[in-house]
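Single-letter residue listing:
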Amino acid sequence: MRWIWDPNKNAANRAKHRLSLATAVRVFDDPLHLSAPDPHPDGDRWQTVGLIGHVVVLVVHTWPDDIVGEDEPVGRIITARKATAHERRAYEEGRS
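First, a word on what this report is: a plain description of the structure on this page. All values reported here derive from a predicted model rather than from experimental measurement.

What counts and what doesn't
Residues numbered from 1 in each chain as written. Predicted model: local features only at pLDDT ≥ 70, side-chain atom pairs only at ≥ 80, totals over all residues. Heavy atoms only, no water. Helix = DSSP H or I, 4+ residues; strand = E, 2+ residues; numbered from the N terminus. Rg over C-alpha atoms; globule rule 2.2 N^0.38 Å. Buried < 20%, exposed > 50% of the residue type's maximum accessible area, 1.4 Å probe, protein only. Contact = heavy atoms within 4.5 Å. Areas by Shrake-Rupley, 256 points an atom, 1.4 Å probe, with all protein chains shown as cover. Lys, Arg positive; Asp, Glu negative; His and termini not counted. Charge placed at Lys NZ, Arg CZ, Asp CG, Glu CD. Pairing = 2+ DSSP bridges. Axes fitted to C-alpha atoms, helices over the stretch in contact; angles between N-to-C directions. Phe/Tyr/Trp six-rings, centres within 6.5 Å; stacked < 30°, edge-to-face > 60°.

1. Focus on the overall build of the chain
Reasoning step 1: The helix and strand tally for the chain stands at three helices and five strands.
Reasoning step 2: Element order for the chain, N to C, with α for helix and β for strand: β-α-α-β-β-β-β-α.
Reasoning step 3: In summary, the chain has a C-alpha radius of gyration of 13 Å against a globular reference of 12 Å for 96 residues, a match within 12%.
Reasoning step 4: Judged by the C-alpha coordinates and their principal axes, the chain covers about 40 × 30 × 30 Å.
Reasoning step 5: When burial is assessed residue by residue, the chain has 33% of its 96 residues classed as buried.
Reasoning step 6: The contacts of the chain with a sequence gap of at least 6 include a subset with a gap of at least 24, amounting to 47%.
Reasoning step 7: Summing over all exposed atoms, the chain offers an accessible surface of approximately 6200 Å²; the carbon and sulfur share of this is 51%.
Reasoning step 8: The average position of the 13 basic charges and that of the 14 acidic charges among the side chains of the chain differ by 12 Å.

As structure tokens, then:
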């Protein structure tokens, strides 16, 4: 699986949330990450909450799809930030 993102959004995300989208991809390395559809009106977005190091983060992304000409499924990272207290609790409760 391969993740892509817009370089301008990456720069904006780093400035606003102090988290690069390249680092955000590591949320999928957490074996206990939780994914759910994002209620955004554009649809086709997902929210994934998981640990990167000792920090719970929320990543908004598309679900990886097969793309013609690509060897593996490709997903797009849209944004990422530190999880809110509510999101952290939901993640912790979902893990148990």
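From this point, things continue past the structure.
2. As for the sheet that holds strand β3 (residues 46-52)
Reasoning step 1: The strand order across the open sheet built from five strands is β1-β5-β4-β3-β2, with neighbouring strands paired in mixed fashion. The open sheet terminates on both sides in strands that have one partner only, identified here as β1 (2-4) and β2 (34-37). Averaged over all neighbouring strand pairs, the angle between strand axes comes to 35°, with direction disregarded.
Reasoning step 2: Taken together, the seven bridges between β3 and strand β4 (residues 55-61) define a ladder with antiparallel strand orientation.

3. Things to note about the side chain of Asn-10
Reasoning step 1: Within the secondary structure layout, Asn-10 lies in helix α1 (residues 7-17).
Reasoning step 2: When its relative accessible area of 15% is taken as the criterion, Asn-10 is described as buried.
Reasoning step 3: Setting aside residues no more than four positions away along its own chain, Asn-10 makes contact with Trp-5, Ser-20, Leu-21 and Ala-22.

4. Points about the packing of aromatic side chains
Reasoning step 1: Going through the model one piece at a time under the given rule, you end up with two aromatic pairs.
Reasoning step 2: Between Trp-3 and Phe-28, the aromatic rings sit 4.4 Å apart at their centres with planes inclined by 10°, giving stacked as the arrangement. With a gap of 25 residues between them, Trp-3 in strand β1 and Phe-28 in the loop between α2 (21-24) and β2 connect regions that are remote in the sequence.
Reasoning step 3: Trp-3 gets classed as buried once you look at its relative accessible area, which sits at 12%.

Any link to function would need more than the numbers given here.
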